[in-house]
Every structure is written in structure tokens, then in C-alpha cells.
Amino acid sequence: MYAHFKAISEATDVPIILYNVPGRTGVNMLPDTTLRLAADCKNVVGIKEASGNVEQIEYILRNRPGGFKVFSGDDGITLPLIKKGADGVISVIGNAYAAEFAEMVHLAQAGDYVAAEAIDNRLAELYRLIFVDGNPAGIKCVMELRGMLRNVLRLPLVPATKATCEKIMAVL
């Protein structure tokens, strides 16, 4: 993985945010690999960390070089990660609840954890439900129910099941 991302870094001057999304790729990028890329490649400026491994993410936060950004890639642990020093989030729920989720993040960044937690608690069940049938099936269901788009996916992706959409509708 190091050689792959180093080659990409050397091929461009564009800033690069690494994506560690083992649920999508089947591979977890180890924190030492992340930190080595951050140190060796000046245009590797951050990471979306969606491993769900808080200990791993905390290790990156403690050992990252100056200026290297760490973004939560898991909506459900964004608030605790911001409390631990994460810089923000690259969100899924933010597609359907941009204003609300952004407000939660901004409140947390400002240290108003009580107000941030109130918003986080209102969205918590949706964080879980939108991944029951995989991403992007769940978030597309939410967005269709909110009148934001038609719930159309291309194969091999398929829409969320009727049962999942009914549970989402009950939460909405």
C-alpha cells in the first residue's frame, strides 16, 4: 500500500487525502503506513479514517506530522473522534442531513459537546440503518424518502430492502 500511494503522490502535485475504508476495500491500511506516507509525501495531506478502530485512529492523531488532517470516515464515531482531536468528517449521513450534521461537527469543534451530542443522538439510529444493506443503498433510501432524489443504483449495487426502508421511514 505504501508503494501504491507513494507512486500516486509522485505522479501529481495535487493534494491527496488517503481513504482507509476497509469495509469497501477489504483491506485496512495500518496506522504506521499512514504515518509513513504523511511523513514522506508532502502532498499527502490527510486521511479519511473509516476503519472503525478508535485505537488505531487515536494512534494516528497522536503521531501525525504537523498539518496532516485526520477526518472521521464513520458518522457514528465522529463526535468522539473530534473530542480526541480529529479535524472533521467525510460523511455519509451528511448527504441527507448536511445542515444538521455540519452543525453537530461545528459545535463539537467549538467544544460545545452537550449541544453536539443532542444532534448526534437524534441521528444515531440513522447512522446504523443506512449501512444495514450496504452503502450507498441506505443513504439513497433516506434521500428518496426526503424527496431529494430517485433511489436508483447501478448493478452490482441494489437498493435497500423494503424492510430496511420501512425501518428508516419509521425513524424519519
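So, here's what we can say about the structure. Per chain, the residues get numbers from 1 upward, laid out in the order the sequence is written. For a predicted model such as this one, the threshold for reporting local features is a pLDDT of at least 70, and the threshold for listing and counting side-chain atom pairs is 80 or more; totals across whole chains, interfaces and linings nevertheless cover every residue. The side-chain quantities take in all heavy atoms of the structure and omit both hydrogens and water.

## Focus on the packing of aromatic side chains
By convention, a stacked pair of Phe, Tyr or Trp rings (six-membered ring in the case of Trp) has centres within 6.5 Å and planes under 30 degrees apart, an edge-to-face pair has planes over 60 apart, and any other such pair is tilted. Under the defined criterion, the tally for this structure stands at 1 aromatic pair. With a centroid separation of 6.0 Å and 85 degrees between ring planes, the pair formed by Phe101 and Tyr127 is classed as edge-to-face. Residue Phe101 is located in helix H6 (residues 98-109), and its partner Tyr127 is located in helix H7 (residues 113-129); the two are separated by 26 residues in the primary sequence. Tyr127 matches Phe101 in its accessibility class, with the two residues each being buried. For a lysine, the NZ atom is tested; for an arginine, the CZ atom; a charge sits over a ring if that atom is within 6 Å of the ring centre and within 35 degrees of the ring normal. Across from the ring centre of Tyr2, 3.6 Å away, lies the NZ or CZ of Arg36, which sits over that ring. Its guanidinium or amino end placed over the ring of Tyr97, Arg146 lies 4.0 Å from that ring's centre, counting from NZ or CZ. Counting from the N terminus, the helices are DSSP H or I runs at least four residues long and the strands are E runs at least two residues long. Think of it in three bands: with a 1.4 Å probe and only protein chains considered, a residue is buried below 20% of the maximum accessible area for its type, exposed above 50%, and partly exposed in between.

## Things to note about H6
Between its first and last C-alpha atoms H6 spans 16 Å; for 12 residues at 1.5 Å apiece the expected length is 16 Å, and the two agree. Looking at H6, one finds that the buried residues are Phe101, Met104, Val105, Leu107 and Ala108. The buried residues of H6 occupy an angular sector of 165 degrees when the element is viewed end-on, so they sit on one face. Of the residues in H6, the exposed ones pointing more than 90 degrees away from the buried face are Ala99 and His106. Only heavy atoms matter for contacts: two residues are in contact if any of them lie within 4.5 Å across the pair. In this fold, the buried residues of H6 make contact with helix H5 (78-83), strand S4 (88-89) and H7. Phi turns positive one or two residues past the end of H6, at Gly111, with a value near 90 degrees. To estimate the expected span of a helix, subtract one from its residue number and multiply by 1.5 Å. To be clear, the arc concerns the directions from the helix axis to the C-beta atoms.

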